[in-house]
Amino acid sequence: MAHQNLVILTGSGISAESGVPTFRAADGLWMGHRVEDVATPQAFARDPALVQDFYNRRRRQLAEVQPNAAHRALAELAARWDGDLLLVTQNVDDLHDRAHAANPAAPGFDLLHMHGELLKAHCTITGRVLDCPGDLAPDQPSPFHPRGTLRPHIVWFGEMPLHMDRIERALGACDLFVSIGTSGAVWPAAGFVQLARHAGARTVELNLEPSQGSRLFDERIHGPATEVVPVFCSSL
């Protein structure tokens, strides 16, 4: 069957093979910190120096990693896709961006970071976003408001993911939904497969192991992303 409208969701599993740490380790910590200490608005209000330092270090680590075969396969798919292709990533790294910059996509392609981006910051007063390739100080002044400061452009716990209206419209119109490298445990992304199924789309999971919602997919292919994603993309 030929598909026209494709929505792809990616999670930490696709970047893990590039050396990007996954969200939580087996001990429940995120790069040595409790999530509550570095990934909530309350943590930023309580200790902005700790939070800014955490994301400054993560931002610097991006220079040490490169897109892998899975990122490149998706970029190649986007370059030749005839219909609409929306790539939604839960990852805050820039590996998808770099892969697609090296292989320009067809006009129907769009890439959305639903949980924000490490290489951007936004104003605490206006919400306006700007590029942020370097470190942020604890009280980094905002260029957009005299009383504003800059914080990482990251969706923290208790905050609404970005671009949800756009994502939900695409899921309601898609005829193929593919989930790659996700645990199926983080909402609202965990519910995307059900929205796609309701729209009548074929649903496919590509993951290292079955996710929490694996049974909801029409097709399940398990293995390392660098192996299963290129093969699947070539089959479309």
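About the cut-offs
- Residues numbered from 1 in each chain as written.
- Predicted model: local features only at pLDDT ≥ 70, side-chain atom pairs only at ≥ 80, totals over all residues.
- Heavy atoms only, no water.
- Core = buried A, V, L, I, M, F, W, Y, C linked by side-chain atoms within 4.5 Å.
- Buried < 20%, exposed > 50% of the residue type's maximum accessible area, 1.4 Å probe, protein only.
- Helix = DSSP H or I, 4+ residues; strand = E, 2+ residues; numbered from the N terminus.
- Contact = heavy atoms within 4.5 Å.
- Phe/Tyr/Trp six-rings, centres within 6.5 Å; stacked < 30°, edge-to-face > 60°.
- Pairing = 2+ DSSP bridges.
- Axes fitted to C-alpha atoms, helices over the stretch in contact; angles between N-to-C directions.

Enquirer: In this structure, what is going on with the nonpolar core? I would like to understand it.
Expert: In summary, soluble globular proteins display a tendency toward joint burial of nonpolar side chains. Core analysis: the largest hydrophobic core is formed by 23 residues, its most contacted members being Ile-8, Leu-85, Val-178 and Val-229. Of all the elements in the fold, those that place two or more residues in this core are β1 (5-10), α5 (69-80), β2 (84-89), β3 (109-113), β7 (176-180), β8 (202-207) and α9 (225-235). Ignoring anything within four residues of it in the chain, the contact list for Val-229 reads Ala-70, Ala-73, Leu-74, Ile-180 and Leu-206. Core analysis: the second largest hydrophobic core is formed by 19 residues, Leu-112, Ile-167, Leu-171 and Leu-216 among them.

Enquirer: For this particular structure, what's the right way to read the packing of aromatic side chains?
Expert: By convention here, two paired aromatic rings are described through the distance between centres and the angle between planes. Counted by the stated rule, this structure contains four aromatic pairs. Ring plane angle 45° and centroid distance 5.6 Å describe the contact between Phe-44 and Trp-156, whose orientation is recorded as tilted. Within this pair, whereas Phe-44 is found in helix α3 (residues 41-46), its partner Trp-156 is found in the loop between β6 (150-154) and α7 (164-173), the two being separated by 112 residues in sequence. With relative accessibility at 12%, the residue Phe-44 sits in the buried group. With a centroid separation of 6.2 Å and an interplanar angle of 40°, the aromatic rings of Tyr-55 and Trp-156 are classed as tilted. Residue Tyr-55 is located in helix α4 (residues 48-61), and its partner Trp-156 is located in the loop between β6 and α7; the two are separated by 101 residues in the primary sequence.

Enquirer: I tried to follow the sheet that holds β3 on my own but got confused; where do I start?
Expert: Working definition: the strands of a sheet are paired by backbone hydrogen bonds and lie parallel or antiparallel to each other. With parallel pairing, the six strands of this open sheet are ordered in space as β3-β2-β1-β7-β8-β9. Sheet topology places β3 and β9 (219-222) at the edges, where each strand pairs with a single neighbour. For this sheet the average axis-to-axis angle between neighbouring strands, irrespective of direction, equals 15°. When β8 meets β9, the two strands line up parallel, connected through four bridges. In the strand pairing of β9, Asn-207 is matched with His-222. Sitting on the sheet, α7 is in contact with β1, β2, β3 and β7, with an inclination near 130° to β2. Sheet strands in contact with α9 are β7, β8 and β9, and its direction is about 150° off that of β8.

Enquirer: So what exactly am I meant to see when it comes to the pairing of strand β4 (residues 116-123) here?
Expert: The two faces of the sheet receive side chains in turn, since in a regular strand these alternate between them. Burial analysis of β4 places six of its eight residues in the buried class, the great majority of the element. Strand direction decides the pairing type here: β4 and β6, joined by four bridges, are antiparallel. Looking at β6, one finds that Gly-116 is bridged to Ile-154. Bridge count between β4 and strand β5 (residues 129-131): three bridges; the pairing is antiparallel. Pairing of Lys-120 across the sheet is with Asp-131, part of β5. Counting the residues in the hairpin turn of β4 and β5 gives five residues, including Gly-127, whose phi is positive at 80°.

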